[in-house]
Amino acid sequence: MPSLRSLQLGRAFRLIVQTLPIALVRLGAYIAFWVVTLLYLGITGGLAWLVGQAIPAVGVILFLVAIGGLGPLYKLAQKYILYVIKAAQIAVISEILVNDRLPAGASQLAWGKERVQERFGEVSAMFLIDELVSGVVNAFTGVVYRVSSWLPGNTFRSLANIVNRIIRFAVGYIDEAILARTFWLQSGSVWANARDGVVLYGMVWKPLLMNAIALMALSYVPFIVVAILFSAPIGALVSLISPSVAGWSIIATLVLAYLVKVSVGDAFAMAAMIAAYQQETQELEPDPTVTAKMEQVSDKFRTLQQRAMGETQPLVEAENEMTPAIDAGG
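One structure accompanies this document, and this report is about it. This structure is a prediction, so every number in the text was calculated from the model and none was measured.

Let's talk about the overall build of the protein
Here's step 1: Secondary structure summary: the protein contains 15 helices and zero strands in total.
Here's step 2: Each of the 330 residues in the protein was classed as buried or not, and the buried ones make up 46%.
Here's step 3: Sequence separation of 24 or more characterises 82% of the internal contacts of the protein that already satisfy a separation of 6 or more.

Regarding the pattern of salt bridges
Here's step 1: As enumerated under the stated definition, the model contains five salt bridges in all.
Here's step 2: With its nearest N and O atoms 2.9 Å apart, the salt bridge here joins Lys86 to Glu176. Pair noted here: Lys86 is in helix α4 (residues 70-99) and Glu176 is in helix α8 (residues 172-185), with a separation of 90 residues, a long-range link. Across this residue pair, the class does not change: Lys86 and Glu176 are buried.
Here's step 3: Where Asp266 meets Lys261, a salt bridge forms, and the shortest distance between an N and an O atom there is 2.9 Å.
Here's step 4: You can call Asp266 buried: its relative accessible area is 13%.
Here's step 5: Of the residues examined, Lys261 reaches a relative accessible area of 1% and is grouped as buried.

Describing unusual backbone geometry
Here's step 1: The backbone phi angle of Asp100 is positive, close to 65°, even though this residue is not glycine.
Here's step 2: Position of Asp100 relative to the elements: it lies in the loop between α4 and α5 (108-120).

So, the side chain of Ser94
Here's step 1: Note on placement: Ser94 falls in helix α4.
Here's step 2: On the basis of relative accessible area, Ser94 is assigned to the buried category, the value being 0%.
Here's step 3: A polar contact of 2.7 Å, which involves the side chain of Ser94, links it to the backbone oxygen of Ile90.
Here's step 4: Beyond its immediate chain neighbours, meaning those up to four positions away, Ser94 contacts Ala180, Phe183 and Trp184.

Regarding the environment of Val225
Here's step 1: With respect to the helices and strands, Val225 occurs in helix α11 (residues 221-241).
Here's step 2: C-alpha of Val225 to C-alpha of Val260: the two residues are 35 residues apart in sequence and 9.7 Å apart in space.

With respect to the nonpolar core
Here's step 1: Ranked by size, the top nonpolar core spans 69 residues in total, and within it Phe120, Met126, Tyr201 and Ile274 carry the most contacts.
Here's step 2: The element that contributes the greatest number of residues to this core is helix α6 (residues 123-145), accounting for eleven residues.
Here's step 3: Leu256, Ala257, Val260 and Val262 belong to the second largest nonpolar core, which has 20 residues in total.

Digging into the packing of aromatic side chains
Here's step 1: One pass over the structure, following the stated rule, counts seven aromatic pairs.
Here's step 2: Aromatic side chains Phe140 and Tyr201 sit 6.1 Å apart centroid to centroid with 75° between the ring planes, which places their arrangement in the edge-to-face category. Placement of Phe140 in helix α6 and of Tyr201 in helix α9 (residues 190-203) is noted, with a sequence separation of 61 residues between them. The two residues Phe140 and Tyr201 agree in class, both being buried.

Considerations on the packing of α9 against helix α10 (residues 205-218)
Here's step 1: Viewed as axis vectors pointing N to C, α9 and α10 meet at an angle of 90°, and their least axial separation amounts to 6 Å. Considering their axes alone, α9 and α10 lie roughly perpendicular with respect to each other. Along its contact with α9, which presents Tyr201, Gly202 and Met203, the element α10 presents Trp205, Leu208 and Leu209.
Here's step 2: Residues belonging to the contact of α9 with α10 are distributed by class as follows: five nonpolar, one polar and no charged.

A word on helix α1 (residues 9-18)
Here's step 1: Taken together, the buried positions of α1 are occupied by Ala12, Leu15 and Ile16. Looking straight down α1, one finds that the buried residues subtend no more than 100° of arc, so they occupy a single side.

Regarding the environment of Leu41
Here's step 1: Note on placement: Leu41 falls in helix α2 (residues 20-54).
Here's step 2: Residue Leu41 is classed as buried on the basis of its relative accessible area, which comes to 5%.
Here's step 3: Separated by 26 residues in sequence, Leu41 and Ile67 place their C-alpha atoms 7.8 Å apart.

About the criteria used
- Residues numbered from 1 in each chain as written.
- Predicted model: local features only at pLDDT ≥ 70, side-chain atom pairs only at ≥ 80, totals over all residues.
- Heavy atoms only, no water.
- Helix = DSSP H or I, 4+ residues; strand = E, 2+ residues; numbered from the N terminus.
- Buried < 20%, exposed > 50% of the residue type's maximum accessible area, 1.4 Å probe, protein only.
- Contact = heavy atoms within 4.5 Å.
- Salt bridge = Lys/Arg side-chain N within 4 Å of Asp/Glu carboxyl O.
- Polar contact = N/O pair within 3.5 Å; in protein donor to acceptor, adjacent residues only side chain to side chain.
- Core = buried A, V, L, I, M, F, W, Y, C linked by side-chain atoms within 4.5 Å.
- Phe/Tyr/Trp six-rings, centres within 6.5 Å; stacked < 30°, edge-to-face > 60°.
- Axes fitted to C-alpha atoms, helices over the stretch in contact; angles between N-to-C directions.
- Parallel < 35°, antiparallel > 145°, perpendicular 65-115°, else oblique.
- Nonpolar A, V, L, I, M, F, W, Y, C, P; charged D, E, K, R; others polar.
- Arc of directions from axis to C-beta.

By themselves, these figures tell us nothing about what the structure is for.
As structure tokens, this is what we get:
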């Protein structure tokens, strides 16, 4: 049975402390997004209320549409602002993991963005490769760890499907660790590093997957803490102002708790996974057998393979080619 022997909680804590400046920038960016969210909810909620005074059903519909609009708003901020900071944070964590420091006097955010540009050309290129790596990791993990197809009965299969969804969510930390490998290697093409990185994951997937599931659970600790800390004062404020805004206050609290979870909990989990991935793969070379299996289970791995071998168009053309699929959630 896979163990958690490589779970790097202490090392992750030290990495977060050492990269506190960029971690605070990331937290500040998410809090700024929360403020924008409050303004958005205030404006759209006010419009829904005004319309609801005349036609209640339409007011409710507008309220639901406003809530649904949070998803696209978050995706827009994630792609063009929040991912830039995360990419820089991955570069900084990788450098400190290997060399224990950055150049003297360097701003962590500026230094991290420069490293991303040096290795990937543009942050959007790293985003593209991240999408491909994520697809390969999900496809491979789904093949080797799917537990629903052979279970009897609908109840068992339903429970197994829940487990599979948890696993698919957890492996999000693994593709970040694979991207981090490009920074600490400091050589080779980003396509070859990504290809070899997913092959190395395929060779030691069991402990890394167990780590990812454990870290996913731990990443929700900040969410719970913030939700509990803010529920009492917000509840008291609502009772003093008007019970009619209770629904909005609950939504605002949950949004804040989630954003703190992403900026703090996910950053800690990411640091721990990067450290675990480095420890598990540092003595390994890609296995041709695992490479062949990756080619069988994932079209996106074959894309990585082709890019690494230089058999198709340059990165900029590939980015343009993949943009519709990324925008569509592919």
